[in-house]
Each structure stands twice: as structure tokens, then as C-alpha cells.
Amino acid sequence: MNNTSLKDAYIEKTRRDFLKKAGAGVTTLALASGVTLMAYPQAAQARKPEEPVDPSQRWGLLIDVNKCTEDCTACVTACSEENGWKQGGNPGIDAQWIRKLKIKNPKSGHEQTFPVMCQHCGAPPCVDVCPTGASFKRADGIVLVDKHICIGCRYCMMACPYKARSFVHEPLTDQKSHAPRGKGTVESCTMCVHRVDRGDQPACVEKCASNGHGALLFGDLNDPNSDIAKRLASYPTKQIRADLGLDTGVRYQNL
Amino acid sequence: MAKHVTYSQIGTGKGFYSILALFGVFIAAGAAAFLHVEHHGHVATGMTNQIVWGMPHVFAIFLIVAASGALNVASIGSVFNKSAYKPLSRMSGVLAMALLAGGLVVLLLDLGRPDRMITAITHYNFKSIFAWNIILYSGFMAIVGAYLFVQMSLGMEKYKKPFGILAFVWRLALTTGTGSIFGWLVARQGYDAAIMAPLFIAMSLSFGTACFILVVKYTGKATDRPLGTAMTWRLGRLMGVMAAAVLYFTTVRHLGNLYAAEHAGVEQFILFGGNIFTTLFWGGQVLIGGLVPLALVFAPNKVEGSSRVTLAALLVILGGFAQLYVIIVGGQAYPLVLFPGMEVSSSFADGVVGSYTPSLPEIALGLGGVAVAMVITVMAMMAFKLLPKNLSDAALDPHLVAKAK
């Protein structure tokens, strides 16, 4: 697609988005005066495809472990459906971009469960070790793999302290166009970058909220007015393996 | 130094073609294994998302590390002026290049996207120790190639020493880089130790000398120019010193880890876990690859001949493979510690010891790499005058005869 057609497509999309939003606004007003519906979470602002990423932003997640229930795997399912990775019955080689972890204190017996995914480190070891630069951190803090230059050496998997990455061991079918994958390359949570760029929340966050748990909060860690920054300022939170000093973009509350 | 050393190519008789054919079978098997994995994906191997590096890496890193060590003999001759080693330095350089080529073949063909090999050169992340190694490996080939050229060209005598020194420094850097691939992995309890660099240097000197002894001994025997007994013992003892250094660095590494409570788990797992890694560590690396070869080369009352050195070299190589298996696979099999002191479980094998069974294609690919190294060595010996016509002690260094044993 050349520049002109990209621009046309963007204008068309913006026009449609405007009409949809206008329609939704009219519907909201018509439903009942005085009642406000939270139709549009204000977490992210849509970014034009040709616009550079805003380096003043740092996207992050806050996971409230107390709100995460043991039997719920909605975030995992939502991620799998959104990004097209499936568990094919071979746990050794199946990709898992997000997993539910259960930890138990062997002395007290106290247990907790919560999701773990790529922690989108500020100083990501996977990016440091990648020989070709396929592992990279976007200016807004999202850590990604460029599938076009990943040579499949798996050194990033050796380096990741969170076991967040998977290697594609088998040929793939039925891929999602917004989340391209490739046999012989490494992949991990993208923080649903395709959704974030269009102003939406990651699929796991949205699903957790719609299931009524609200254990996951997404937002701009650098914006003091964002919900996530306010929560981080008000409550004690933790980073997994904080001792490594990686400045993770994913934080945990009540862990 | 024996003056007027005359070098010659090895013959091109039936025996050599039979050896080439034998190695050719292994190369063909390795090529078939590569195509199989390339087509089906790494599901055809025993490697998983827990054990991401397996048997191909054991072979590749052994060959790469041994390559650097195979240059020992040339370095001792050129850099340290030990005249008895000088006639063997051409062979030393060629074997070093051949082993490195074999190792790189395995490493590159195991990539998830081997078709993108060129990307490793066109896209470069200078912060990656892996990327540094690409420069170190390419540089090693170029420098040792130039070193060989000045050794084999008339009138280049004065350049031998500077190139020898450059090659010596470069190979130390190369093995430092290879060790640091593991040493700089801060995330994993089994690695994350700066001592990996000197450990790998010691390993390279030991494994490389062992490979050199076997290749020169066998070639000498097959081409009617047997390597002198005193020279063989000298090489054997050199290897023994390096094998002792490997044991020393291994001891310091494990004692250091045992002292830190955070590493106690992985040490318990490797040293006393009663698993395959425990067996390979104590039985393979320490006993077969360490103590027995040391006893063989340093015990008094040497018997006639040098068969004990040959056996010791063979055992050092076997122990080397065991050691690399423990470091590479064992280091990954021990689960990553995300929450120290907690019991962890998940659908992604958190908190579970990783299981790994090498598949046939992985082993075939690794052996194919060894065969590539050997074929390059044999063909180089057929094409170039690498070995002196006479490898006897008297021809290599008259002093050797006097000091023999």
C-alpha cells in the first residue's frame, strides 16, 4: 500500500470512527438523561499509523492480586483469542503469552494466584541480548519482537527472568492479521499493541473488567493523572524480581 | 629448533577417501536432520520452551571452545618461542579454523530461521554479547587465516610473531565471549557468574589440546610419520595442566554459588540432585574428564609409548561434552526462580524441573558439525603442506630426546 492509499484508508477509518462515536453519544443521551454510561475507557488515545510513538508515555499494567480469583482464566483465554495463540495439548512447546501463576508459602500455606506475562521492562534483558535487535522496546515502553528480523536463536528466552517468551515450534495456521506470528521465531505478550494504538485497552484487561473482577488496570505510568499512576502513588505495589532492577511496566498490588 | 623442517601433504590414497566417505555419511545425516527440523519446526527436536538450547548447542559450543584451544600449539611456538611446537603450528591453525567452522555450522543450522543467517550480519545489536561473538568468530577466521598465510609463505618470517600474538589475544577474547554468553545471564540461577569466562578459557585450552593430540597422533600413524613419544607426553601434560585448571575454576564456581543462599537450590540440584546432571557432573566431568586424565598424564612409572596420553585426550573430550551438557541443559532444567522461597505452579511448567530428551535429528546435526570439522581438516592436509614429513622427537626438537620422559 502506498502513502496516499494509507492516508485515504486512515481518513476513511477516522470518518467511520467519528460517526460511530457520534451515534453512540446520541444513543447515550437518548437512553436516559442524567445516566452516564462508561462507553469509552480513557486509557489510551488512538494514534495515527504514520505518527511516531509518544516517548513521554510509558504503558503499564497494575494487577491487583486480591481481585484475581483462582478458578478464573478469562485473561488467558482473552489473550489467546485476541492474538491467535492456542494450546494444542503439548505443554512443553505450546506458546503461552500469559499464564496464571499460583504461589504458595510452604511455611504458612498461604496461596495466591495471578497472571504473569511479559513484564515490559524498562531495561529489558531480552533486548540487550538479542543479536539482531529483533527484540526491541518501543518509545512508549512496550517490549516487542520484530518477526522479520528474529533469527530464532532463543537467547532472549535464556535471558528473560519471567519465562515470558515462547518459541514457535510448529507451522502455524489461522493467524490473526493484527498479531502476526512465525514458525521459528520468538514471541510474547505485546500488551495488545494493536489495540493500544487504536485507543483501546489490552484484551486481558477488558475481559477481566467485563467479568466483574477488575483486577487488571492499564494506563500511562508517566501520566500523574492516569488511574494507574494514582493507584501506584496511593498503594504499595511490587515488581517481580525487583532485585534485578529491570523497572518493569507490570506491577502487582497485594502480592 | 630442528632446522629445515620439510612439510608435506598427506596422501590421496584409498584410506583417505574412505575417511572422507565416512565423515560424508555423518554430514549427509546432519544435512537430512537440518532439513527435517527446518520443515517440521523445532517440534522435531527434544527442545521446548523450558529447555530452549539442547544438544546442538552442546556440540556447537564444544567445537567453538575447542577451536580456540586447538590454536594452543601455534601460540606456544610463536608467542612463547618454544621451538619444539613450531613445526606443528600450521596444523594447529588449520584445526582451529576447522573446528570453529564445524561449530558454527551446527549453531547456525539450529536457528529457528536459518534462512535469515545473513540478518545476523545486516542487523546488529552492539549491546548483545551474542553479536560480539559474531565479530569474534569472523575475526578469528580472518586472523588465523592470515597467521597461517605468513607461516606458509616465503619471506614472511618477521610477521609470524605479531600475527601469533594477535591470534593469541583474539582467541582469549573469543572464549571470554563464549563463556560470557552464559556468565552474563543475570536471570538464571545456574549462570550469572563472571567466572564463566575464565572457566571457558580453561575448557578451551583443555578440549582444544585434546582434539589436537588425537588428530595429529592419528594422522601421524596413518601417514607413516608417527608423532614422537616425548612430544606426545609434552602435549599430554600441557592438556593435563589445562584440565586441572578446569577443575579449579569449576570448584571455585560451585563453592561461590554454595556460599550464596540464593544459589543453594541450583547447586543442590546439580551436585546432589541424583539426576542425570549429577551423574554427568561427578562421573562425566570430574572423574572421566578430570581426575582420570590427570592421573594418566601425571602418574609416575610411565609405560612405554604414549597410549596413555591418547586415552587421556579421549577422556578429556568425553568429559568436556558431559560438562557442557550439565552447564547448558542442566542450567535451564532448574526452574527459574520468580518468587524466592515460594512454591510456584502454572500451566507453563513454572516451578517444575525441565525435562529434555535429545532427539535423533539434534544428535545427527551435532555429529554432522564434528564431521564438517574433520573433513575440512583432512582436505586441508591433502591440499596444503601442513605437517612436517618427520614428526619424531629428534626432528621436532633434539632437546626433546635428551629430556624425554
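This structure is a prediction, so every number in the text was calculated from the model and none was measured. (Residues numbered from 1 in each chain as written. Chains lettered and ligands numbered in written order. Predicted model: local features only at pLDDT ≥ 70, side-chain atom pairs only at ≥ 80, totals over all residues.)

What about the sheet that holds strand β9 (residues 237–238) of chain A?
Residue and element names in this part refer to chain A.
Phase 1: Strand order in the open sheet made by the four strands is β8-β1-β10-β9, with mixed pairing throughout. Bordering the open sheet on either side are β8 (216–220) and β9, each of which pairs with just one other strand.
Phase 2: Inspection of the sheet shows strand β1 (residues 59–64) paired to strand β10 (residues 250–253) by four bridges, in the parallel sense. The partner of Leu61 across the bridge, within β10, is Val250.
Phase 3: Where helix α7 (residues 227–234) meets the sheet, its contacts fall on β1, β8, β9 and β10, and the angle it forms with β8 comes to roughly 110 degrees. (Pairing = 2+ DSSP bridges. Helix = DSSP H or I, 4+ residues; strand = E, 2+ residues; numbered from the N terminus. Contact = placed C-beta atoms within 7 Å. Axes fitted to C-alpha atoms, helices over the stretch in contact; angles between N-to-C directions.)

Here we look at the sheet that holds strand β3 (residues 111–117) of chain A
Phase 1: Taking strand neighbours across the sheet as the criterion, the three strands line up as β3(A)-β2(A)-β2(B) in an open arrangement whose pairing is antiparallel. Because the sheet does not close on itself, it has two edges, and the strands there are β3 of chain A together with β2 (343–346) of chain B. Looking at each pair of strands side by side, their axes are set apart by 30 degrees on average, direction ignored.
Phase 2: Pairing of strand β2 (residues 98–104) of chain A with β3(A), which is carried by seven bridges, proceeds in the antiparallel orientation. Following the sheet pairing, Leu101(A) is matched in β3(A) by Phe114(A).
Phase 3: Contacts from helix α2 (residues 74–83) of chain A reach β2 and β3 of chain A within the one sheet, and its direction differs from that of β2(A) by about 160 degrees.

With respect to the interface of chain B and chain A
Phase 1: Across the boundary between the two partners, chain B contributes 37 residues, which contact 44 residues of chain A.
Phase 2: Of the pairings in the sheet, the one linking β2(A) to β2(B) comprises four bridges and is antiparallel in character. Residue Lys104(A) lies in a different strand from β2(B), and its bridge partner there is Glu343(B).

Examining helix α12 (residues 307–333) of chain B
Owing to its 3.6 residues per turn, the α-helix brings residues three or four apart onto one side.
Phase 1: For α12(B), with 27 residues, the first-to-last C-alpha span of 38 Å sits near the 39 Å given by 1.5 Å per residue.
Phase 2: By the criterion of burial, α12(B) is predominantly enclosed, with 21 of the 27 residues buried. (Expected span 1.5 Å × (residues − 1). Buried ≥ 20, exposed ≤ 12 C-beta atoms within 10 Å, placed from the backbone.)

Things to note about the confidence of the model for chain A
Residues and elements named next belong to chain A.
Phase 1: Put simply, chain A has an average pLDDT of 87, and 83% of its residues get 70 or more.
Phase 2: Here residues 1–7 is modelled with pLDDT under 50, and outside its nearest four sequence neighbours on either side it reaches two contacts, counting other chains as well.
Phase 3: Every residue in residues 25–42 scores below 50 in pLDDT, and together they form four contacts with partners more than four places removed in sequence or on other chains. (pLDDT = per-residue confidence, 0-100.)

Let's talk about the pairing of β8(A)
Residue and element names in this part refer to chain A.
Phase 1: The buried fraction of β8 amounts to five of the five residues, a majority that puts the element mostly inside the structure.
Phase 2: In this structure, β1 lies alongside β8, joined through five bridges in antiparallel fashion. Each bridged residue has a counterpart across the sheet, and for Ile63 the counterpart in β8 is Leu216.

Overview of the nonpolar core
Phase 1: Counting 196 residues, the largest nonpolar core has Leu216(A), Leu63(B), Leu95(B), Leu99(B), Leu100(B), Cys211(B) and Met239(B) as its most contacted members.
Phase 2: Counting residues per element, this core draws most heavily on helix α8 (residues 196–222) of chain B, which supplies 15 residues.
Phase 3: Beyond its immediate stretch of four places on either side in the chain, Met239(B) contacts Ser206(B), Thr209(B), Ala210(B), Ile213(B), Val297(B), Ala312(B), Ala313(B) and Val316(B). (Core = buried A, V, L, I, M, F, W, Y, C linked by C-beta atoms within 7 Å.)

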